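Listed below, chain by chain, are the residues.
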Amino acid sequence: MVLALTVCGIVVALVVAGLFLFGLRRRLIQRSGGTFDCSLRWDVAEKPDTGGKGWSYGVARYNGDRIEWYRVFSYGFRPRRVLERARIEVAGRRLPEGEEELALLSDAVVLACTHRDTRLELAMSEDALTGFLAWLEAAPPGQRVNVA
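First, a word on what this report is: a plain description of the structure on this page. (Residues numbered from 1 in each chain as written. Predicted model: local features only at pLDDT ≥ 70, side-chain atom pairs only at ≥ 80, totals over all residues. Heavy atoms only, no water.)

Moving on, we get to the overall build of the protein chain. Along its length, the protein chain carries three helices and nine strands. Along the protein chain, helices and strands appear, N-terminal first, in the series α-β-β-β-β-β-β-α-β-β-α-β. Relative to a compact globule of 148 residues, whose C-alpha radius of gyration would be 15 Å, the protein chain shows 18 Å and is clearly more extended. Each of the 148 residues in the protein chain was classed as buried or not, and the buried ones make up 32%. Summing over all exposed atoms, the protein chain offers an accessible surface of approximately 9,100 Å²; the carbon and sulfur share of this is 57%. Of the charged side chains in the protein chain, 20 are positive and 18 negative, and the gap between their average positions amounts to 9 Å. (Helix = DSSP H or I, 4+ residues; strand = E, 2+ residues; numbered from the N terminus. Rg over C-alpha atoms; globule rule 2.2 N^0.38 Å. Buried < 20%, exposed > 50% of the residue type's maximum accessible area, 1.4 Å probe, protein only. Areas by Shrake-Rupley, 256 points an atom, 1.4 Å probe, with all protein chains shown as cover. Lys, Arg positive; Asp, Glu negative; His and termini not counted. Charge placed at Lys NZ, Arg CZ, Asp CG, Glu CD.)

Here it is in structure tokens:
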């Protein structure tokens, strides 16, 4: 009986510690500001799948001329993807379709892009999208920015 209670206590403590670390990591990422919720689908086919597969929920952070994207459900402190402003080309936007609506946040808009010849999709709120497009268009003079 004592062994079972001890094991249960250890399991509960580990779960609480894991949740605390998720929250602490997110606070540290957001500490410098300029963050927004952003789902990412990397290396998308020409005709994207609307079945909801391939999406990863994350947090993106503006950092100079780059966007650093972090997975939410990860303990890593390094960004999973780094998108350079000069290399991002926006191909279009759309609303989530089919089962994508269940995989993404309720107010998400999907933005089709390419980055260094890799097709990707970003899903973010309308407000975050406005800020993202303004950030892209605010590139220093001489940098090419393609926004469709």
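This structure, assessed with the given rule, holds three aromatic pairs. Chaining the aromatic ring pairs together yields one cluster made of F36, Y62, F132 and W135. Seen from the ring of W42, R81 lies directly overhead, with NZ or CZ sitting 4.1 Å from the centre. (Phe/Tyr/Trp six-rings, centres within 6.5 Å; stacked < 30°, edge-to-face > 60°. Lys NZ or Arg CZ within 6 Å of the ring centre and 35° of its normal.)

Within the fold, S39 resides in strand β2 (residues 39-42). Contact partners of S39, with chain neighbours within four places excluded, come to W55, S56, Y57, G58, W69, L104, E121, L122 and A123. (Contact = heavy atoms within 4.5 Å.)

A few words now on helix α1 (residues 2-30). With 29 residues, α1 extends 42 Å from end C-alpha to end C-alpha; this agrees with the ideal 42 Å at 1.5 Å per step. Regarding α1, the residues found buried are G18, R25 and I29. In this structure, the buried residues of α1 make contact with β1 (35-37), β3 (58-63) and β4 (66-71). (Expected span 1.5 Å × (residues − 1).)

This structure, assessed with the given rule, holds one cavity of 30 Å³ or more. In this structure, the largest cavity is lined by F36, C38, A60, I67, W69, L83, L122, M124 and F132. Contributing elements (two or more residues each) for the lining of the largest cavity: β4 and β8 (118-125). Within the lining of the largest cavity, the residues separate by chemical class into nine nonpolar, no polar and no charged. (1 Å grid on protein atoms, 1.4 Å probe; cavity = no way out; pocket = protein on both sides within 12 Å on 5 of 7 lines; lining within 4 Å. Points joined across faces, edges and corners; volume = space filled by probe spheres on them. Nonpolar A, V, L, I, M, F, W, Y, C, P; charged D, E, K, R; others polar.)

With that settled, the discussion passes to the nonpolar core. Membership of the largest hydrophobic core comes to 21 residues, with the highest contact counts inside it found for F36, L122, M124 and F132. Elements with a contribution of two residues or more to this core: β4, β6 (88-94), β7 (108-115), β8 and α3 (126-137). Considering every element that reaches this core, the biggest residue donor is α3, with six residues. Sequence-distant contacts of F132, that is, excluding residues within four places in its chain, are made with F36, Y62, I67, I88, L111, L122 and M124. Membership of the second largest hydrophobic core comes to five residues, among which are W55, L104, A108 and A123. (Core = buried A, V, L, I, M, F, W, Y, C linked by side-chain atoms within 4.5 Å.)

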